[in-house]
Amino acid sequence: MLMKHSLGWNPPVSSGSNVLSYQEEINSVLVQGIPSACRKLLKKICEDPSAQPFKVRIGVLRSFSLELLEDLLCLALLRWGIFPEFFFADFNVFESELLDPKSRLNQEHRNLPFDVLFLAWRMPDLVPGIWNYPSASNFSEVLDHSLARVRQIMETALSIAPVLALPLNEQPADSVLAGTRARQNMIISAHYSLIVNAAADLEPGFSMVDLNHQRNSISGNASIFDRKQEALCHQPFSNFGQIVLATALAKSVAPRFISSAKVLALDADNTLWGGIVGEDGVEGLQLHQDFPGNLYLKLQTAARILSENGFLLVLLSKNDEYLVKEVFEKNKDLPLNYDSFVASRVNWDNKANNLIEISEELNLGLDQFVFLDESAYERENMRALLPEVRVPETPDVLSMLDYLENGLDFLKVSITSEDLGRTQDYKAQKHRSKLEQQAQSVEEFLTNLQLEAEVQVWNKDLLPRIHQLLDKTNQFNLTTRRHSLAQLTQWLEQPNLFHGQVIRVKDRFGDQGIVGLSIVKKLDHDEWELDSFLLSCRALGRGVQEALLFQTLSDLENRGTSRVIGKYIPTRKNSQTASFYQSKGARKVHESAAEVTYQIVLEDFFKHQKPPAWISLR
């Protein structure tokens, strides 16, 4: 049975959309960080039958007390529609809890797996040798031993579940030994850097909770530690530090369980620049290094960084297009230019209608869009007409900048090579669309694309992209199963029972990278099941799914398989895949409201099915 929060609430699993109505109230209580207020609001939410947060199970190993902060941590995650169920392992015993199969942590994980592990330690507790003033003669030995211990803990934890780590990089107080503090601080900083580098090697399953960034985003240099708190209850955080910790942990956990946006739709006037170009003229706009122009430049820079990390930018402005283009043409050194946007609608039409057109052009759902506009009227109009679109409350440039730099909608667990090339790929899509319009037939268009596809067996390096596709792909996804990175890693190590393949696609306009995957699991000696079969919406309409299916089944036939089971599990978004298996000659063997099961007899399949002739497949 799931462990319940101390309030005794066992919330249902859902998208968390209902609990988000409490966000403003949660924000207000979080800023205060008063335990009684946190508990009162938690009780209110728990007793609301309409509040349905997404439930996440978190195992906690720590060298200091965190139980007293449980309410605050819960509230910070509820801000994003997530209700955490914390399991606190035995205090300050990392190795035994992780390595001993009979430990409380491992027993709990066997009963019901953790979604994530949270490792939190003060470095004097976990690596005391660094604090014992090692002499010059044994410093390297102590450093190597400490790092080896930390690395083993991190790697063992990652074998259980995705990991968030918080090594508190505190500097010691002045030493009574003259002249030792500066050297000791350098040793501590060097050790912390080595830990960070070791953690980077374990990404994306392993990530660090960044307290310093969160502290700076709130109030700069306020202290997050309190010696009195530590002496009273072995909890080293000040009241302010508790708020920082809760917020930073929430921002680290949430991207693993809720979908980030894919597209940022930006207004122009009083959003990308200060002023209205139609009234102030290009020269009168606030786009300079002095205030407030420097804030608009920072906002453009934040948007550019998002674009470089795989988020798409679109321009949505009520304006004369020639004037907007003139702003960019006469300001060549701006962080953004007109070509930074993969799509634009600069006209006097309703912005909601324009956004619908852009979503169809990009083949992306409206729920993947964030709309940023300083106009209260435009924000409310978008919310009313397109409630799926994410519309933050951003009445001025400071709130917009804060949203881009700290908003959860643009957080990712990891950045893949496909993310880095996404903007260019969507720009290339315009060339594909033009080629399609010029072709006399679909076959002519597809042939002229010069498609090449490569199917590759999965490996450890491909797991981040595989996990990302499983987590984000909705439209062409037969089962929409969301497997964790830890689960995928376990399957990868069992090749006789599980097998995965990815398909990489490129054409005359560019390399789209890995766009689809199949994962099969063995049922008996001559029958396997397609656990997952999906294709990114960017590659739809070109026969790539047929090529992937053909190659997947060919590989299974070479393994001695004669039959393959495929399931279609309907969702709100994947109706286009309902007849996919049947169109390939599969026989329906079971049907219910929850799923449809098909059987593919490989001998019959290969008699009638071939990969698309216009794809060069290897």
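Position labels on residues start from 1 in each chain and follow its written sequence. Local features in this predicted model are restricted to residues whose pLDDT is 70 or higher, and side-chain atom pairs enter the listing and the counts only when it is 80 or higher, whereas totals over whole chains, interfaces and linings include all residues. Excluded from the side-chain calculation are hydrogens and water; included are all heavy atoms of the structure.

## Points about the overall build of the protein chain
- A run of H or I in DSSP becomes a helix once it reaches four residues, and a run of E becomes a strand once it reaches two; helices and strands are each numbered from the N terminus. Along the protein chain, the regular secondary structure elements total 25 helices and 18 strands.
- If one aligns the C-alpha atoms of the protein chain with their principal axes, the spans along those axes are about 85 × 75 × 55 Å.
- Residue exposure (1.4 Å probe, protein chains only): buried if accessible area is under 20% of the type maximum, exposed if over 50%, otherwise partly exposed. Within the protein chain, buried positions represent 54% of all 618 residues.
- Should any heavy atoms of two residues lie within 4.5 Å, those residues are counted as being in contact. Expressed as a percentage of contacts within the protein chain between residues at least 6 apart in sequence, the contacts between residues at least 24 apart total 72%.
- For accessible areas, the Shrake-Rupley method is used with a probe of radius 1.4 Å. Any residue's cover is judged against the shown protein chains and nothing else. Surface summary for the protein chain: the accessible area is close to 27,500 Å², and the carbon and sulfur share equals 49%.
- Only four residue types enter the tally: Lys and Arg on the positive side, Asp and Glu on the negative side, with His and both chain ends excluded. The atoms used to mark charge sites are NZ of Lys, CZ of Arg, CG of Asp and CD of Glu. Here the protein chain contributes 63 positively and 78 negatively charged side chains, and the mean placements of these two sets differ by 4 Å.

## A short note on the packing of helix α13 (residues 293-308) against helix α17 (residues 397-406)
- Axis definition: a line fitted to C-alpha atoms, limited for helices to the stretch in contact. Angles are taken between N-to-C directions and run from 0 to 180 degrees. In contact at an axis separation of 10 Å, α13 and α17 are set at 25° when each is read in the N-to-C sense. With respect to α17, the element α13 is oriented roughly parallel. Relative to α17, the crossing made by α13 is left-handed. For the pair formed by α13 and α17, the contact residues are Leu 295, Tyr 296, Lys 298, Leu 299, Ala 302, Ala 303 and Leu 306 on the first element and Val 397, Leu 398, Met 400, Leu 401, Leu 404 and Glu 405 on the second.
- Residues are grouped as follows: Ala, Val, Leu, Ile, Met, Phe, Trp, Tyr, Cys and Pro are nonpolar; Asp, Glu, Lys and Arg are charged; all remaining types, including Gly, are polar. For the contact of α13 with α17, a count of residues per class yields eleven nonpolar, no polar and two charged. Relative orientations are named as follows: roughly parallel for angles under 35 degrees, roughly antiparallel for angles over 145 degrees, roughly perpendicular for angles from 65 to 115 degrees, and oblique for any other angle. Whether a crossing is left-handed or right-handed is set by the direction in which the near helix is turned from the far one by less than a right angle, anticlockwise for left-handed and clockwise for right-handed.

## Observations regarding the sheet that holds strand β2 (residues 82-88)
- Any two strands between which DSSP finds at least two bridges are classified as paired. Reading across the sheet, the five strands line up as β2-β1-β3-β4-β5 and stay open at both edges, with parallel pairing between neighbours. Because the sheet does not close on itself, it has two edges, and the strands there are β2 and β5 (206-208). On average, each strand axis in the sheet is tilted by 25° relative to the strand beside it, whichever way the strands run.
- Where strand β1 (residues 54-62) and β2 come together, seven bridges link them in parallel fashion. When the sheet's bridge partners are listed, Gly 59 is paired in β2 with Phe 87.
- In this fold helix α11 (residues 239-253) packs onto β1, β3 (116-122), β4 (163-168) and β5, with an angle of close to 150° to the strand it touches most, β4.

## Quick word on the packing of aromatic side chains
- Whether two aromatic rings pair depends on their centres lying within 6.5 Å, for rings of Phe, Tyr and Trp, where Trp uses its six-membered ring; planes under 30 degrees apart make the pair stacked, over 60 edge-to-face, and the rest tilted. Scanning the entire structure with this criterion turns up 18 aromatic pairs.
- The interplanar angle of 75° and the centroid separation of 5.7 Å between the aromatic rings of Phe 64 and Phe 237 together place this pair among those described as edge-to-face. Of this pair, Phe 64 sits in the loop between β1 and α3 (70-78) while Phe 237 sits in the loop between α10 (227-233) and α11; the two residues are 173 residues apart in sequence, bridging distant segments of the chain. Assigned by exposure class, Phe 64 and Phe 237 land together as buried.
- For the ring pair Phe 580 and Tyr 581, a centre distance of 5.7 Å and an interplane angle of 55° mean the geometry is tilted.
- What makes Phe 580 buried here is its relative accessible area of 6%.
- An aromatic cluster is built from Phe 476, Phe 533, Phe 580, Tyr 581 and Tyr 598, whose rings are joined through pairwise contacts.

## Structural notes on the sheet that holds strand β6 (residues 263-266)
- Pairing in this open sheet of four strands is parallel, and the strands run β8-β7-β6-β9 from one edge to the other. Pairing within the sheet leaves two strands with one partner each, and these edge strands are β8 (343-347) and β9 (369-372). Between one strand axis and the next, the sheet turns by 15° as a mean value, whatever way the strands run.
- Here strand β7 (residues 312-318) runs beside β8; their pairing, made up of five bridges, is parallel. Along β8, the bridge assignment pairs Leu 316 with Arg 345.

## Thoughts on unusual backbone geometry
- Between Phe 291 and Pro 292 the backbone carries a cis peptide bond, its omega angle lying at 0°.
- Along the polypeptide, Pro 292 turns up in the loop between α12 (277-280) and α13.
- Although it is not a glycine, His 234 sits at a positive phi angle of roughly 55°.
- With respect to the element layout, His 234 can be found in the loop between α10 and α11.

## Re the pairing of strand β10 (residues 451-457)
- Here β10 runs beside strand β18 (residues 615-617); their pairing, made up of three bridges, is parallel. Note on β18: the bridge partner recorded for Leu 451 is Ile 615.
- Of the pairings in the sheet, the one linking β10 to strand β12 (residues 498-507) comprises six bridges and is antiparallel in character. Its bridge partner being in β12, Glu 452 is matched across the sheet by Lys 506.

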